[in-house]
Structures are given as structure tokens and as C-alpha cells.
Amino acid sequence: MPMPSTGTAPCPDPGWTVLGAGAMGSLWAARLAQQGVGVHLLARQERQGSLRLRESADSAAIELPLAQHRLESLAHPIERLLLCCKAPDALPAIEQALPHLSNNARVVLCQNGLGSQQQIIKRFPQLDIYCLSTTEGAYLPAPHEVVHAGHGQSWLGKLHASDSDHSPELVSSLGQSGLRIQHDPQIGDRLWMKLAINASINGLTALYQCRNGDLLEGEKRGRLEALSDETRSLYRQLGMGFAEQIPRQVRQVCRDTAANYSSTYQDSQCGRATELPFINGFILQQAQAIGLTMPEHKRLLEELERRGIH
Ligand SMILES: NC(=O)C1=CN([C@@H]2O[C@H](COP(=O)(O)OP(=O)(O)OC[C@H]3O[C@@H](n4cnc5c(N)ncnc54)[C@H](OP(=O)(O)O)[C@@H]3O)[C@@H](O)[C@H]2O)C=CC1
Ligand SMILES: CC(C)(CO)C(=O)C(=O)O
């Protein structure tokens, strides 16, 4: 005779709503869907059909039945939102998503640079917000096809300590994708270090129209060192213990990603707005707030501006 159950059934995973059907959003959505996790992929336009996922540029494509929806067509409130748009689009995207979020929604921000996360946290103090930093690499070679070009690692955590931190639960849910992800209670430090790396590499590659590895040669190397030295001075003054590691880490990333064209170079080549206001722009704002001048960062942004790269 069956015994009456005394325990409570485990809550079903509420799945994910991924906003932004670009490279990162498509990668997370495809990997989660592939593992049977419920995913809604949100884009500006509705689109029925499938998404192709390739685990490298020359591997076979896997067809996943993953349609794209508009926010307005969602039938249920969003429980978990993974925001995968570029930094300048993040605040407007959250403003749009707000009426569709459930009361207990968790919001995970996946943006490079800094500044957009703080804007969102300040503007929506009622939201349960997390930040994600990643070294995964993805691109869209064709519409509705994503290539997982670089197999890396992601970290997730709260920018400010909080009594209610659901990071472990979110990491475990996103981890079902098979993408490597860990909780990082110091996600802020990780984002600041990534910022220092992007601030030295990205703008210069757009200026010289070169690959990351080319910055280790000749005159470009001098400018790379000058930018990372200035960033180190700022971080020292802000009391960041890892400031001394910046120049070495910058050189290491140039070596590790030598053949890559940075995201800023790619945006500039396509005439798209870059994330530089949230990279070097953010660094300059922080310096200005403590009365520090950063002539190399300023000069870089001015030179890029003259070439129409913002
Ligand atoms: N791709 C990569 O390898 C990596 C990316 N990152 C970071 O991840 C973030 C996302 O990058 P990535 O995926 O490459 O960027 P993409 O430009 O490929 O994708 C962003 C997508 O978000 C969409 N979007 C923006 N706002 C909205 C909105 N309000 N509603 C619906 N869709 C919206 C954009 O649509 P539209 O084009 O119509 O504006 C675009 O499809 C960036 O901060 C990037 O720096 C970090 C590490 C690696
Ligand atoms: C680390 C680096 C520079 C790799 O290309 C990057 O994050 C980017 O291109 O934005």
C-alpha cells in the first residue's frame, strides 16, 4: 500500500527568459534548450523556427526548436531574466521588461564594462539583480545560427552583499546548460579586472584596426602599456588590491586572444555604437570623481571620436 508523502516536492525549475537574441543570448538560450530547460528567447521581432548551434566554426550544426518572441507576446510573468544585450541597451531593455517581471523575479545582467549595472541597480532598487562575467566567446555567422567560438568560464554574483542572495540557485540552473559557471561572491572585483583589460585592449584595436595580439608590437605596445599603467594608478587610488596585476593580465589576454578581433573593433567595423562609454568612459568618470587625470584614456577616446567611433 503506497505511503502518503510527508516531504514537499522539489519546486520545478522556472526556466529562463533570455532577452537579446545576439551572440551571447543565443548561446545561453541554445545550450539551455538543448538540455531541456524551459527557455524563452526574446528579440525585437517575432520569429518562428529553429536556432542552429555550432560548438566550433567547423563543427556540424545542431538544430534546436527555439522561436524568438517579443516581450509583449509573453503569456506569463518572467521569473528569471538573463539580459544579454550590449551595455548601452541594458537600462532601456530593463525598463521595457519591468512590467513583465514577476514580483520575485531574478535578473541577471550579462554586459561587458561597468556603469550599466550600477545604473540599473540604482534605478530599480526593488529588483533582485545579479551580474555575470564571462570568457565564453560566441558570434552569429548567419541569421539564427550561433557559433560557440571560445569555450570559457562564467561567474555570477551580486554586486553588493545582500541578505537574500540566490546566486547558488541561479548558478545551478544556468549550469544545466553545460557552460561552465561558478558563483563569485566578489563579482565586482572580477568585473573591474575585466574592465581594466577591455580598457587597454578594445579601443586600441579599433584605432589601429588590428587583432588583439598586434598590440604587443612596436608603437602599439607603448600605448597598451601606458593605458594599463594609468588604469593601475586609478585602481591603486581606489584601494583595489589587485591593481598591480593589471599590466601583466593585459599582456596575457593579448597573448591568449592574439588572433581575435575585439568586440569593439568588430562594432566599429560594422558602424555600430561601441561599449566604450562603459569601458574607457566609465574609467574616466571614476578618475574625475577623485581628481585624477588620465591623459592616455582621454586621448584614445578623442582619437576614436574623430574617426566616428563612439
Ligand atoms: N559575444 C561574445 O563573445 C561576448 C560578449 N560579451 C558581452 O555580452 C553582451 C552581449 O554581447 P553580444 O551577445 O555579443 O551582443 P550582440 O550585439 O550580438 O547581441 C545583443 C542583442 O540584444 C538585442 N537587444 C538589445 N536591446 C534589446 C531590446 N530592448 N529588446 C530586444 N532585443 C534587444 C540586440 O538587438 P539589435 O541588434 O536589434 O539591437 C542584439 O540582438 C555585451 O556586453 C558583450 O560585451 C562578453 C563576452 C563575450
Ligand atoms: C578580452 C577581449 C578583449 C577579447 O577579445 C574582449 O573581452 C572583447 O573583445 O571585448
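Residues numbered from 1 in each chain as written. Chains lettered and ligands numbered in written order. Predicted model: local features only at pLDDT ≥ 70, side-chain atom pairs only at ≥ 80, totals over all residues. Heavy atoms only, no water.

## Re the UniProt feature "domain: Ketopantoate reductase N-terminal" (unreviewed entry) in the protein chain
What UniProt calls "domain: Ketopantoate reductase N-terminal" (unreviewed entry) maps, in this numbering, to residues 16–159. Across residues 16–159 one finds 22% helix and 38% strand; the C-alpha atoms that close the span lie 21 Å apart. (UniProt positions renumbered as here; feature names shortened; annotations may be inferred. Helix = DSSP H or I, 4+ residues; strand = E, 2+ residues; numbered from the N terminus.)

## So, the packing of helix α5 (residues 187–208) against helix α6 (residues 218–237)
At a minimum axis separation of 10 Å, α5 and α6 run at an interaxial angle of 150°. Between α5 and α6, the angle falls in the class roughly antiparallel. In this structure, α5 crosses over α6, and the sense of that crossing is right-handed. Every residue of α6 that contacts α5 at W192, L195, A196, A199, S200, I201, L204, L207 and Y208 is listed here: E219, K220, R223, L224, L227, S228, T231 and Y235. A breakdown of the residues in the contact of α5 with α6 according to their chemical character gives eleven nonpolar, three polar and three charged. (Axes fitted to C-alpha atoms, helices over the stretch in contact; angles between N-to-C directions. Parallel < 35°, antiparallel > 145°, perpendicular 65-115°, else oblique. Left-handed = near helix turned anticlockwise from the far one by under 90°. Contact = heavy atoms within 4.5 Å. Nonpolar A, V, L, I, M, F, W, Y, C, P; charged D, E, K, R; others polar.)

## Some words on the UniProt feature "domain: Ketopantoate reductase C-terminal" (unreviewed entry) in the protein chain
Annotation from UniProt places "domain: Ketopantoate reductase C-terminal" (unreviewed entry) at residues 189–304. The span residues 189–304 is 67% helix and 0% strand, and its two end C-alpha atoms sit 28 Å from each other.

## Observations concerning the environment of H310
With respect to the secondary-structure elements, H310 resides in the segment after α10 (295–306). Judged by its relative accessible area of 46%, H310 falls in the partly exposed class. Residues H310 and R54, 256 residues apart in the sequence, show an inter-C-alpha distance of 32 Å. Setting aside chain neighbours within four positions, we find H310 in contact with A273, T274, P277 and E305. A distance of 3.0 Å separates polar atoms of two side chains, one belonging to H310 and the other to E305. (Buried < 20%, exposed > 50% of the residue type's maximum accessible area, 1.4 Å probe, protein only. Polar contact = N/O pair within 3.5 Å; in protein donor to acceptor, adjacent residues only side chain to side chain.)

## Some words on the domain arrangement of the protein chain
When cut into domains, the protein chain gives domain 1 (16–185) and domain 2 (189–306). For domain 1 versus domain 2, the separation of C-alpha centres amounts to 25 Å. Facing 18 residues of domain 1, the contacting portion of domain 2 comprises 14 residues. Buried surface at the junction of domain 1 and domain 2, both sides included, amounts to about 1400 Å², of which 59% is carbon and sulfur. If you look at where domain 1 meets domain 2, you find two salt bridges. Between D267 and K86 there is a salt bridge whose closest N-O contact spans 3.0 Å. On inspection of domain 1 and its partner domain 2, the count reaches five residue pairs in polar contact (both at pLDDT 80 or more). Breaking the side of domain 1 that touches domain 2 down by element, the ones donating at least two residues are α2 (87–97), α3 (116–123) and β8 (128–134). In terms of residue class, the side of domain 1 that touches domain 2 is built from seven nonpolar, nine polar and two charged. (Domains from an automatic or database assignment. Buried area = accessible area lost by both parts, 1.4 Å probe. Salt bridge = Lys/Arg side-chain N within 4 Å of Asp/Glu carboxyl O.)

## A look at the packing of aromatic side chains
Considering all chains together, one arrives at four aromatic pairs under this definition. Ring centres 5.4 Å apart and planes at 80° place the aromatic pair W192 and Y235 in the edge-to-face group. With W192 in helix α5 and Y235 in helix α6, this residue pair connects regions lying 43 residues apart in the sequence. The burial state of W192 is the same as that of Y235; both residues are buried. Note on Y261 and Y265: the rings are 4.6 Å apart at their centroids and 20° apart in plane angle, and the pair reads as stacked. According to the relative accessible area criterion, Y265 is buried, its value standing at 12%. The aromatic ring of Y130 is capped on one face by K158, whose charged end is 4.3 Å from the ring centroid. (Phe/Tyr/Trp six-rings, centres within 6.5 Å; stacked < 30°, edge-to-face > 60°. Lys NZ or Arg CZ within 6 Å of the ring centre and 35° of its normal.)

## A look at the site of ligand 1
Around ligand 1, the surrounding shell holds 22 residues, and the nearest of these are M24, R44, Q96, A138 and E275. One of the backbone N or O atoms of G22 is found 3.5 Å from an oxygen atom in ligand 1. Between A23 and ligand 1, the recorded distance is 3.0 Å, taken from a backbone N or O atom to an oxygen atom. Taken by itself ligand 1 offers 890 Å² of open surface, and the protein chains cover 76% of this. Sorting the residues of the shell around ligand 1 by element identifies α1 (23–34), α2 and β9 (137–142) as the ones contributing at least two each. Here the shell around ligand 1 gets three residues from one element, more than from any other, and that element is α2. Counted by class, the shell around ligand 1 contains ten nonpolar, seven polar and five charged residues. (Near = heavy atom within 4 Å. Areas by Shrake-Rupley, 256 points an atom, 1.4 Å probe, with all protein chains shown as cover.)

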